[in-house]
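What follows is each chain in one-letter form.
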Amino acid sequence: MLAYMHREDAMQSHRLYYTPRTKQQPAFAGCCLSKRNTNNKNKKCKNPAYYIYTYGGCDMSDTPLQYRNQNLQKAKQKKDDEYYTREEDIAAEISCYQNAFAGKTVYCNCDQPGASAFWAYFHKHFAKLGLKKIMATYCSTKNQAMLCVYEGGQDDDIMNYMQTPLTGDGTFQSKECAALLQKADVVVSNPPFSMFRAYILLLIQNKKEFLVIGNRNLVTSKDLFPLMQEHQMWYGYHKVSHFLRPDGSKQTFGNIGWFTNLPKQKKTAALKLTKKYIPEEYPVYCNCDAIHIDCLQNIPCDYDGAMGVPISFLEHYHPEQFEILGRSVRSETNRIAIHHIPKEWLDLYFQQENKGHYTEKMHSLVYIHDGKAIAPYSRIIIRKKKDYTPEHERFHT
């Protein structure tokens, strides 16, 4: 998720967002100041030219990422879903899954031949990948929606295929496309940004293999987080930053990437933990039996309890090394309790003239450090697995 705060509010509560070094340097590297259009008519802001943009994680550049994610937020608000994936990005990712497509029917259920790079890539590499069949459907409200099928023979001619009219509009949720989904082995596409959660849930419910592009900011949503937690879905190998627009222009985003449940040939490397646990350096949450970790490199190697880490942890998640206990809000899938925000924290927080909306009924993670009440950005709660031994400590016989 993206969040914006007026600059004056941010400065008054800079201890929440900035290190003591300077007020211009974010405490978590995902925080940065950014300019917005001074013509913004938001009446709540005295000076709409400055906002603070916050994003979970650390060690991330503040520019041009801020503008990339603003593009993503605008697209989401407008439900503007006409963003086409480049063929080179598709090739880079699919090349990492050797033999994963051999003998299978690939379904591109948001793709029109002639416009889709997914269709072009699979068509041109049909024999090389050992495919059985390619199917493609796409949403069309103006023209007749079609089912397009290719079963080999003339791989270089991407317009060589059979097509059958659909009775509906070709949306992936339609009955026709749901029936076609049953005939597919693996789904590969760039679904509409605004419908990504519904799209993933449909694939999971139908027990389909998939390799799709989506917004990584959504992984902590109540629908998708359990899939990451239970290792039913994980990140692919690459992020995708550049997309093509229908008018030929390019659009850049900051946190879009591949999601899949295909076995990865190269597993995510385990995090190398070197920092020792010093209690004074790791605040304990006021309402959860876990310590706060500001950056991934600060995860202690000798601490076995629960820890709240940045969302960027999911990029390095090694299921043999860690277990995911939950996310930083109360949830049915959490394996650790997050209690109400205590009154003591609230009193201190508002004594500091902070203006965030927090009440005793809320279950967000909070802590006190150096006499300051702090509400961190969204966190994932993890714990090291007791039976995990770092590779460099293993003895091979």
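Below is a summary of the structure that appears in this document. Owing to the predicted nature of the structure, the values given are computational and were not obtained by experimental measurement. (Residues numbered from 1 in each chain as written. Predicted model: local features only at pLDDT ≥ 70, side-chain atom pairs only at ≥ 80, totals over all residues. Heavy atoms only, no water.)

### Thoughts on the overall build of the protein
Along the protein, the regular secondary structure elements total ten helices and 20 strands. Counting all 397 residues of the protein, 49% fall into the buried class. For the protein, the share of sequence-separated contacts (at least 6 apart) that also reach a separation of at least 24 residues comes to 64%. Put simply, the protein shows about 20200 Å² of open surface, and 48% of that area lies on carbon and sulfur atoms. (Helix = DSSP H or I, 4+ residues; strand = E, 2+ residues; numbered from the N terminus. Buried < 20%, exposed > 50% of the residue type's maximum accessible area, 1.4 Å probe, protein only. Contact = heavy atoms within 4.5 Å. Areas by Shrake-Rupley, 256 points an atom, 1.4 Å probe, with all protein chains shown as cover.)

### Focus: the sheet that holds strand 16 (residues 307–310)
With mixed pairing, four strands are arranged side by side in an open sheet as 15-16-20-17. Strands with a single pairing partner mark the edges of an open sheet, and in this sheet they are strand 15 (291–292) and strand 17 (322–327). Strand direction decides the pairing type here: strand 15 and strand 16, joined by two bridges, are parallel. Across the sheet, H292 pairs through a bridge with G308, a residue of strand 16. (Pairing = 2+ DSSP bridges.)

### Overview of the side chain of D111
When you line up the elements, D111 lands in the loop between strand 5 (105–108) and helix 5 (117–124). Within the buried core, D111 has no salt-bridge partner, and the shortest N-O distance to an opposite charge, that of K124, equals 14 Å. Here the side chain of D111 touches S189 through a polar contact of 2.6 Å, side chain to side chain. Once residues within four sequence positions are removed from consideration, D111 is found in contact with S116, F118, A136, T137, Y138, V188 and S189. (Lys, Arg positive; Asp, Glu negative; His and termini not counted. Salt bridge = Lys/Arg side-chain N within 4 Å of Asp/Glu carboxyl O. Polar contact = N/O pair within 3.5 Å; in protein donor to acceptor, adjacent residues only side chain to side chain.)

### A closer look at unusual backbone geometry
Positive phi is not limited to glycine here, since N99 has a value of about 65°. Among the structural elements, N99 can be located in the loop between helix 4 (87–94) and strand 5. With relative accessibility at 70%, the residue N99 sits in the exposed group. In this model, K207 sits at a positive phi of 55°, which is unusual for a non-glycine residue. Mapping K207 onto the fold places it in the loop between helix 8 (196–205) and strand 10 (209–215).

### As for the pattern of salt bridges
One pass over the full model with this rule turns up eleven salt bridges. For R86, the salt bridge is made with E88, and the minimal N-O distance between the two is 3.4 Å.

### As for the side chain of T260
Tracing the backbone shows T260 in strand 14 (residues 256–260). The exposure class assigned to T260 is buried, which follows from its relative accessible area of 0%. At 2.7 Å, the side chain of T260 forms a polar contact with the backbone oxygen of F210. Ignoring sequence-local partners within four residues, the contact set of T260 consists of Y97, F210, L211, M233, W234, Y235 and G236.

### Topic: the sheet that holds strand 12 (residues 242–244)
Spatially, the three strands line up as an open sheet ordered 4-12-13, and their pairing is antiparallel. Taken across any chain shown, the strands that pair with only one partner, and hence form the sheet edges, are strand 4 (84–85) and strand 13 (250–252). Note that strand 12 and strand 13 share three bridges and pair antiparallel. Across the sheet, H242 pairs through a bridge with T252, a residue of strand 13.

### Notes on the environment of I158
Its place among the elements puts I158 in the loop between strand 7 (146–150) and strand 8 (162–165). Sequence-distant contacts of I158, that is, excluding residues within four places in its chain, are made with W119, A120, H123 and K124.

### As for the packing of helix 4 against helix 5
When two helices pack together, their arrangement is captured by the angle between the axes and the distance separating the axes. Where helix 4 contacts helix 5, the axes come no closer than 9 Å and their chain directions differ by 55°. Judged by the inter-axis angle, helix 4 sits oblique to helix 5. Here helix 4 and helix 5 pass one another in a crossing that is right-handed. In contact with E87, I90, A91 and I94 of helix 4, helix 5 contributes A117, F118, A120, Y121, F122 and K124. (Axes fitted to C-alpha atoms, helices over the stretch in contact; angles between N-to-C directions. Parallel < 35°, antiparallel > 145°, perpendicular 65-115°, else oblique. Left-handed = near helix turned anticlockwise from the far one by under 90°.)

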